[in-house]
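# Working through the structure, step by step
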Amino acid sequence: MIKRRIADNLETDALGVSELCRHFQISRATLYRLFEADGGLAHYVREQRLNLAFQRLLSPAAQDKRLIDLAVGLRFSSDSTFIRAFRRKFGLTPGELRELTDTWLRETGAIPAFDTVLHQLARRRASRS
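Residues numbered from 1 in each chain as written. Predicted model: local features only at pLDDT ≥ 70, side-chain atom pairs only at ≥ 80, totals over all residues. Heavy atoms only, no water.

### Observations regarding helix 7 (residues 94-108)
With 15 residues, helix 7 extends 21 Å between its outermost C-alpha atoms, agreeing within 8% with the 21 Å of an ideal straight helix rising 1.5 Å per residue. All of the buried residues along helix 7 are Pro 94, Leu 97, Arg 98, Thr 101 and Trp 104. One side of helix 7 carries all its buried residues, which in axial view fall inside an arc of 120°. Seen from the buried face of helix 7, the exposed residues on the opposite side, beyond 90 degrees, are Glu 99, Arg 106 and Glu 107. Tucked into the core, helix 7 has its buried residues touching helix 4 (41-58), helix 5 (67-73), helix 6 (79-90) and helix 8 (114-128). The first or second residue beyond helix 7 is Gly 109, which carries a positive phi of 80°. (Helix = DSSP H or I, 4+ residues; strand = E, 2+ residues; numbered from the N terminus. Expected span 1.5 Å × (residues − 1). Buried < 20%, exposed > 50% of the residue type's maximum accessible area, 1.4 Å probe, protein only. Arc of directions from axis to C-beta. Contact = heavy atoms within 4.5 Å.)

### So, unusual backbone geometry
Unlike most non-glycine residues, Gln 25 shows phi in positive territory, near 50°. By secondary structure assignment, the location of Gln 25 is in the loop between helix 2 (17-24) and helix 3 (28-34).

### Some details on the environment of Gly 73
Tracing the chain through its elements places Gly 73 in helix 5. Sequence separation of Gly 73 and Arg 49 is 24 residues, and the distance between their C-alpha atoms is 9.8 Å. If sequence neighbours within four positions are ignored, Gly 73 has contacts with Leu 10 and Glu 11.

### Details of the nonpolar core
Counting 34 residues, the largest nonpolar core has Ile 6, Leu 31, Leu 41, Phe 54, Phe 82, Phe 86 and Leu 97 as its most contacted members. Those elements that provide at least two residues to this core are helix 1 (2-8), helix 2, helix 4, helix 5, helix 6, helix 7 and helix 8. Sort the elements by how many residues they give to this core and helix 4 lands first, with nine residues. In contact with Phe 86, other than residues within four places in its own chain, are Leu 50, Ala 53, Phe 54, Leu 57, Gly 91, Leu 92, Thr 93, Pro 94 and Leu 97. (Core = buried A, V, L, I, M, F, W, Y, C linked by side-chain atoms within 4.5 Å.)

### A word on the pattern of salt bridges
Considering all chains together, one arrives at seven salt bridges under this definition. The partner of Asp 38 in a salt bridge is Lys 3, with the nearest N and O atoms 3.1 Å apart. Taken together, the positions of Asp 38 in the loop between helix 3 and helix 4 and Lys 3 in helix 1 put the pair 35 residues apart, joining distant regions of the chain. Between Arg 56 and Glu 11 there is a salt bridge; the shortest N-O distance is 2.7 Å. In this pair, Arg 56 is assigned in helix 4 and Glu 11 in the loop between helix 1 and helix 2, connecting sequence segments 45 residues apart. Taken together, the salt bridges that share partners define one network made up of Arg 5, Glu 19 and Arg 22. (Salt bridge = Lys/Arg side-chain N within 4 Å of Asp/Glu carboxyl O.)

Structural data, given as structure tokens:
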């Protein structure tokens, strides 16, 4: 239930520890313990926001959206913070993902599914190593 609430509120400020503890009537220690396996609550929320950003950047509708608007909408403190986190997680910048999306659209007329793109990126990184 907590992860569902997080997923439903990635673009809001309703994901603070106090808010989640109050909503689910659990202690701060319990909340932190529940997210230990996920690297902690803050890490889990950031990862989910990055996943959502990735999905949005794959959408042709997002091609004209400024990165700063996407970053701020997903509660990153700046576009540079967002870009660095995105690169660490996915191995490319949001701009590079947009270029790949453009290429796929031109070459195939479609964008692969989220999981397919992640698999292709992982293979690309492995071949560089």
